[in-house]
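# Observations on the three-dimensional arrangement
Take a look at the letters that make up each chain.
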Number of protein chains: 2
Amino acid sequence: MTLTKNEIKFIKSLRIKKYRDNHQLFIVEGEKLVNELMSQSTYKIDTVFHTQEYGIPETDLRFNSILISDKELAQISTLKSPNKVVATVKITAKFELNLQESDLVLLLDNVKDPGNLGTIIRTAEWYGIKNIIASEQTVDVFNSKTIQASMGAFYHVNFSYCHLESIITELKENDFVLSGASLSGVNVYKTEFETKTALVMGSESHGISPSIMKLLDRELLIPKVGVSESLNVGIATGIFLSEYYRQHMQFSKK
Amino acid sequence: MTLTKNEIKFIKSLRIKKYRDNHQLFIVEGEKLVNELMSQSTYKIDTVFHTQEYGIPETDLRFNSILISDKELAQISTLKSPNKVVATVKITAKFELNLQESDLVLLLDNVKDPGNLGTIIRTAEWYGIKNIIASEQTVDVFNSKTIQASMGAFYHVNFSYCHLESIITELKENDFVLSGASLSGVNVYKTEFETKTALVMGSESHGISPSIMKLLDRELLIPKVGVSESLNVGIATGIFLSEYYRQHMQFSKK
């Protein structure tokens, strides 16, 4: 065994927000995500814990690299099927809201499920969104489940926690039109999105909070045919983003 | 304690497909889902295990009802936050593929993640899809995570496992056009869906299998702006369904 009990305890503690905040570290794991972290992101790795199979070049001095057994990997991994490597990574705030570069901004009002948040980031990045702003009550973006569900998309967006009301004031001053998801909204398929749009998505259980709802310029609904009460917030986000891009983007002619 | 060790073991065994198949029972839990199960579905409940707080009328004789403690609930629940009630429910095949009543059919080719499957069912039901047909390698629809993620939508669709190639032959004989998700497909936003469409979605890791891909009339792509490699299969399904319905449905004028 390479790792001491205390080291294992330390790594496992990073599953909990309090300890991530204390140590300013979060976890990324699995061969693909860790490789992309090294090659495509500006995040700084603290330590890479890897099995023989992962095979890191010994000459890489940018971070600590520790060879562990499969058994140790299973102990520190958050995955059902651990995959060769777990990295501890430095939390860095990399937020710059550059409204000149960005026509569509995504605001998240208290999204609570870490998997949903990760999927939303993955989808937003697919459509080229640069800025995602979450209310302070939104789940922690450095939660392992969020990182895993984002599938590396996380590395390519500016994600920040803000007081949404203040950001909304700033967005309005910059001529953004605020649209938000609501079950009492107008049919999204009969709506033209303004080019400068800020899309607000609410929480899984309660939707957009009343104080934010008041600030919207438009409430939007995805019309339903069946009997279900609601859509998953990730799915609803995907459908709204799809509609925006269908209307606004010059896609390749393919 | 009301439940014996063996009873607890039995209920927990239903988390595993082999035991669900053996006993022809699956689990539905949480107040909302169990209430909807009783009021809106044709599934037959075997036993309802509930805490005092859930409060079932004693006169309900359609199924066994057993009062348990919060501690016992926590033992048999699959949820992080157990919610008042766990029901064991009889597995019934309720598949009838009625192509006369159905313009859009959803085919799933080896979707592997139970949460994704549940979300897909929820989304499909939202858009009024009646028939979902899955390959035999698709994850078990009676998996607890699938049931929970479907949020009761599961009660309202015909879901079946079939040899996809055979179903596709039948669909083609009935003038359905087969569209499938593929990273080498044509831009979905520049495509008109035929009214009679069968949409095929592939697995999370491998997409649509080659033997099914050959049978498609059209490969479709959701064009990307960012750098992510792929979308979550649930999100992609939602976007395709949204596009179909935007083109074809007469929504209310609201």
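Residues numbered from 1 in each chain as written. Chains lettered and ligands numbered in written order. Predicted model: local features only at pLDDT ≥ 70, side-chain atom pairs only at ≥ 80, totals over all residues. Heavy atoms only, no water.

### Comments concerning the overall build of chain A
Secondary structure assignment for chain A yields nine helices and 10 strands. Taking 18 Å as the expected radius of gyration for a compact globule of 254 residues, we find that chain A reaches 20 Å, a close match to that expectation. The principal-axis extents of the C-alpha atoms in chain A amount to approximately 60 × 35 × 35 Å. Buried residues in chain A amount to 56% of all 254 residues. Contacts spanning at least 24 positions in sequence make up 75% of the contacts within chain A whose residues lie at least 6 apart. Here chain A has roughly 11600 Å² of accessible surface; of this, 50% comes from carbon and sulfur atoms. In chain A, which carries 28 positive and 30 negative side-chain charges, the distance between the mean positions of the two groups comes to 5 Å. (Helix = DSSP H or I, 4+ residues; strand = E, 2+ residues; numbered from the N terminus. Rg over C-alpha atoms; globule rule 2.2 N^0.38 Å. Buried < 20%, exposed > 50% of the residue type's maximum accessible area, 1.4 Å probe, protein only. Contact = heavy atoms within 4.5 Å. Areas by Shrake-Rupley, 256 points an atom, 1.4 Å probe, with all protein chains shown as cover. Lys, Arg positive; Asp, Glu negative; His and termini not counted. Charge placed at Lys NZ, Arg CZ, Asp CG, Glu CD.)

### A closer look at a positive patch on the surface
The grouping of A:Lys80, A:Lys145, B:Lys80 and B:Lys145 at the surface amounts to a positive patch. Relative to the elements of secondary structure, A:Lys80 occurs in the loop between α4 (70-76) and β4 (85-90). Assessed through its relative accessible area of 77%, A:Lys80 is described here as exposed. (Patch = residues over 30% accessible without salt bridge, like charges linked within 9 Å, V, L, I, M, F, W, Y side chains within 5 Å. Salt bridge = Lys/Arg side-chain N within 4 Å of Asp/Glu carboxyl O.)

### Examining the interface of chain B and chain A
Taken together, the 43 residues of chain B in the interface contact 43 residues of chain A. With both chains or domains summed, chain B and chain A bury close to 3900 Å², and 59% of this area falls on carbon and sulfur atoms. Across the contact surface, chain B and chain A share four salt bridges. B:Glu229 is paired through a salt bridge with A:Lys32; the nearest N and O atoms lie 3.6 Å apart. (Buried area = accessible area lost by both parts, 1.4 Å probe.)

### A short note on the environment of A:Gly30
Residue and element names in this part refer to chain A. Topologically, Gly30 is positioned in the loop between β1 (25-29) and α3 (31-40). You can call Gly30 buried: its relative accessible area is 5%. For the pair Gly30 and Gly152, spaced 122 residues apart in the sequence, the C-alpha separation amounts to 11 Å. Among all residues touching Gly30, those that are not within four sequence positions of it are Asn83 and Val85.

### With respect to helix α9 (residues 233-248) of chain A
All names here are of chain A. A rise of 1.5 Å per residue sets the reference length of α9, with its 16 residues, at 22 Å; its end C-alpha atoms lie 22 Å apart and thus fit the reference within 8%. Most of α9 is tucked away: 13 of the 16 residues are buried. The N-cap of α9, judged by a side-chain oxygen 2.6 Å from the amide nitrogen of Gly234 a few residues on, is Asn232. (Expected span 1.5 Å × (residues − 1). Polar contact = N/O pair within 3.5 Å; in protein donor to acceptor, adjacent residues only side chain to side chain.)

### Some points on the relation of the copies chain B and chain A
Of the transformation superimposing chain B on chain A, the axial component is 0.0 Å and the angular component is 180 degrees, with the fit at an RMSD of 0.0 Å. Such values leave the two copies arranged in the relation of a two-fold axis. Here 100% of the contact residues of chain B are again contact residues in chain A; the copies associate through an equivalent surface. (Least-squares fit on C-alpha atoms with pLDDT ≥ 70 in both.)

### Comments concerning the nonpolar core
With 109 residues, the main nonpolar core has A:Leu108, A:Ile222, A:Phe240, B:Leu108, B:Ile222 and B:Phe240 as its most contacted residues. Dropping the residues within four chain positions of it, A:Phe240 is found in contact with A:Ala181, A:Val188, A:Phe193, A:Leu199, A:Met201, A:Leu220 and A:Ile222. (Core = buried A, V, L, I, M, F, W, Y, C linked by side-chain atoms within 4.5 Å.)

### A word on α3(A)
Considered for burial, the residues of α3(A) that qualify are A:Leu33, A:Val34, A:Glu36, A:Leu37 and A:Met38. On the buried face of α3(A), the contacting elements are β1, β2 (45-50), β4 and α6 (144-150) of chain A.

### Digging into the environment of A:Ala87
Residue and element names in this part refer to chain A. Along the polypeptide, Ala87 turns up in strand β4. Residues Ala87 and Lys5 lie 82 residues apart in sequence; the distance between their C-alpha atoms is 18 Å. Beyond its immediate sequence surroundings of up to four residues, Ala87 is in contact with Phe26, Ile27, Val28, Val34, Ile45, Thr47 and Val48.

### Describing the side chain of B:Arg122
Here B:Arg122 shows up in helix α5 (residues 114-126). For B:Arg122, which is buried and forms no salt bridge, the nearest opposite charge comes from A:Glu229, at a distance of 8.2 Å. If near-sequence neighbours (up to four positions away) are discounted, B:Arg122 is found in contact with A:Ser228, A:Ser230, A:Leu231, A:Asn232, B:Ala149, B:Ser150, B:Met151 and B:Ala153.

### Remarks on the packing of helix α5 (residues 114-126) of chain A against α9(A)
Residues and elements named next belong to chain A. Relative orientation of the contacting elements α5 and α9 amounts to 15 degrees, with a least axis distance of 9 Å. Considered as vectors, α5 and α9 are oriented roughly parallel to each other. Note on packing geometry: the crossing formed by α5 with α9 is right-handed. Of the residues in α9, those touching α5 at Asn116, Ile120, Thr123 and Ala124 are Val233, Gly234, Thr237, Gly238 and Leu241. Of the residues contributing to the contact of α5 with α9, the split by class is four nonpolar, five polar and no charged. (Axes fitted to C-alpha atoms, helices over the stretch in contact; angles between N-to-C directions. Parallel < 35°, antiparallel > 145°, perpendicular 65-115°, else oblique. Left-handed = near helix turned anticlockwise from the far one by under 90°. Nonpolar A, V, L, I, M, F, W, Y, C, P; charged D, E, K, R; others polar.)

### Some remarks on the pattern of salt bridges
Residues and elements named next belong to chain A. For the structure shown, the criterion picks out 20 salt bridges over all chains. Of the charged contacts, one joins Asp21 and Lys17 as a salt bridge, the two residues approaching to 2.7 Å between their closest N and O atoms. Of this pair, Asp21 and Lys17 both sit in helix α2 (residues 17-23), four residues apart, which is roughly one turn of the helix. Given the relative accessible area of 35%, Asp21 is considered partly exposed. Here Lys172 ties to Asp217 by a salt bridge, and the two come within 3.7 Å at their closest N and O atoms.

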